[in-house]
Amino acid sequence: DSSGCVTTSEAESRLAPGAAVTGIPHAPLATFALADARLLAHTPQSLSAEKACTLPVTWSTVHVSVGRPGLQATQRMLVHAATGGGGRTACEYVQGLCGRLVVSAGGQHKHAYLRVLGTRLQNSSRDGVACVFGAASVLKGGRLHAVLNSLSLDFITLSLALLEERGSF
């Protein structure tokens, strides 16, 4: 990920010199980096360069994670650690698809934050067994279409137990 300003561009490029951009260039930690314009986007004025440079890989990862299982409006996805960067982005993405979310997060303040964002089915990301029992009660015998997991240990095997046949983890 990187963010910066275009210094030079080809004549047919949609990005003019001086444009603020974020994206995935070659050698992004260098002072100057080369990039294919297709891998860059204009940086919104409301974002600093530091914030903008966190978006490309996060959104790309979520796009693959949610897009690959082909999540649709009636299907459910469990997003672990839903208040983190990838988790929050996944929640926004699934809500945009009108998918049904089941989420996990740590403390009560994180659960309150998730309620403000419109997620209602929260579980603990501190205790795997409690999380799965909470999710199972929400699912009422149903199964998940997909799980986006960044947690370890019990959360892996217990989350797999909630997946429907041919579900995506």
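Residues numbered from 1 in each chain as written. Predicted model: local features only at pLDDT ≥ 70, side-chain atom pairs only at ≥ 80, totals over all residues. Heavy atoms only, no water.

## A word on the overall build of the chain
The helix and strand inventory of the chain stands at six helices and eight strands. N-terminal to C-terminal, the α/β element order of the chain is β-β-β-α-α-β-α-β-α-β-α-β-α-β. Projecting the C-alpha coordinates of the chain onto the three principal axes gives extents of approximately 60 × 35 × 30 Å. A buried classification covers 34% of the 169 residues belonging to the chain. A total of about 9,900 Å² of accessible surface is found on the chain, and carbon and sulfur atoms cover 58% of it. Each charge sign in the chain was given a centre, from 14 positive and 10 negative side chains, and these centres are 12 Å apart. (Helix = DSSP H or I, 4+ residues; strand = E, 2+ residues; numbered from the N terminus. Buried < 20%, exposed > 50% of the residue type's maximum accessible area, 1.4 Å probe, protein only. Areas by Shrake-Rupley, 256 points an atom, 1.4 Å probe, with all protein chains shown as cover. Lys, Arg positive; Asp, Glu negative; His and termini not counted. Charge placed at Lys NZ, Arg CZ, Asp CG, Glu CD.)

## Regarding the side chain of Arg88
Among the structural elements, Arg88 can be located in helix H3 (residues 85-96). The buried charged residue Arg88 lacks any salt bridge partner; its closest oppositely charged side chain belongs to Glu92, at an N-O distance of 4.3 Å. (Salt bridge = Lys/Arg side-chain N within 4 Å of Asp/Glu carboxyl O.)

## Side note on the nonpolar core
In terms of nonpolar packing, the biggest core is built from 16 residues, with Val66, Met77, Val79 and Val103 touching the most fellow members. Listed by contribution, the elements that provide at least two residues to this core are helix H2 (55-67), strand E4 (76-79), H3, strand E5 (100-105) and strand E7 (144-148). Among all residues touching Met77, those that are not within four sequence positions of it are Ser65, Val66, Leu71, Val94, Arg100, Leu101, Val102, Leu144, Ala146, Val147 and Leu148. If you look at the next biggest cluster of nonpolar residues, it comprises nine residues, including Val102, Leu139, Leu144 and Leu162. (Core = buried A, V, L, I, M, F, W, Y, C linked by side-chain atoms within 4.5 Å. Contact = heavy atoms within 4.5 Å.)

## Brief notes about the environment of Ser60
Along the chain, the position of Ser60 falls in helix H2. With 26 residues separating them in the primary sequence, Ser60 and Gly86 have C-alpha atoms 9.9 Å apart.

## Quick look at the packing of helix H5 (residues 128-139) against helix H6 (residues 154-161)
Between H5 and H6, the least distance of the axes is 9 Å, while the angle of their chain directions is 20°. Our classification of the angle between H5 and H6 gives roughly parallel. Read as a crossing pair, H5 and H6 show a hand that is right-handed. Residues Gly128, Val129, Cys131 and Val132 of H5 touch H6, and the partners they reach there are Asp154, Phe155, Leu158 and Ser159. Grouping the constituent residues of the contact of H5 with H6 by class yields five nonpolar, two polar and one charged. (Axes fitted to C-alpha atoms, helices over the stretch in contact; angles between N-to-C directions. Parallel < 35°, antiparallel > 145°, perpendicular 65-115°, else oblique. Left-handed = near helix turned anticlockwise from the far one by under 90°. Nonpolar A, V, L, I, M, F, W, Y, C, P; charged D, E, K, R; others polar.)

## Here we look at the sheet that holds strand E6 (residues 122-124)
As summarised here, the arrangement of the five strands in space is E6-E5-E4-E7-E8, forming an open sheet in which the pairing is parallel. On the outer flanks of this sheet lie E6 and strand E8 (163-168), each paired with one strand and no other. Strand-to-strand twist in this sheet, taken as the mean axis angle between neighbours without regard to direction, amounts to 30°. Summarising the sheet, E4 and E7 pair through three bridges and their orientation is parallel. Pairing of Met77 across the sheet is with Ala146, part of E7. (Pairing = 2+ DSSP bridges.)

## A few points about the environment of His145
With respect to the element layout, His145 can be found in strand E7. Expressed as a C-alpha distance, the spacing of His145 and Ser168, which sit 23 residues apart in the sequence, is 6.4 Å. Excluding residues within four positions of it along the chain, His145 makes contact with Pro69, Gly70, Leu71, Gln75, Arg76, Leu163, Glu164, Gly167 and Ser168. A distance of 2.9 Å separates the side chain of His145 from the side chain of Glu164, its partner in a polar contact. (Polar contact = N/O pair within 3.5 Å; in protein donor to acceptor, adjacent residues only side chain to side chain.)

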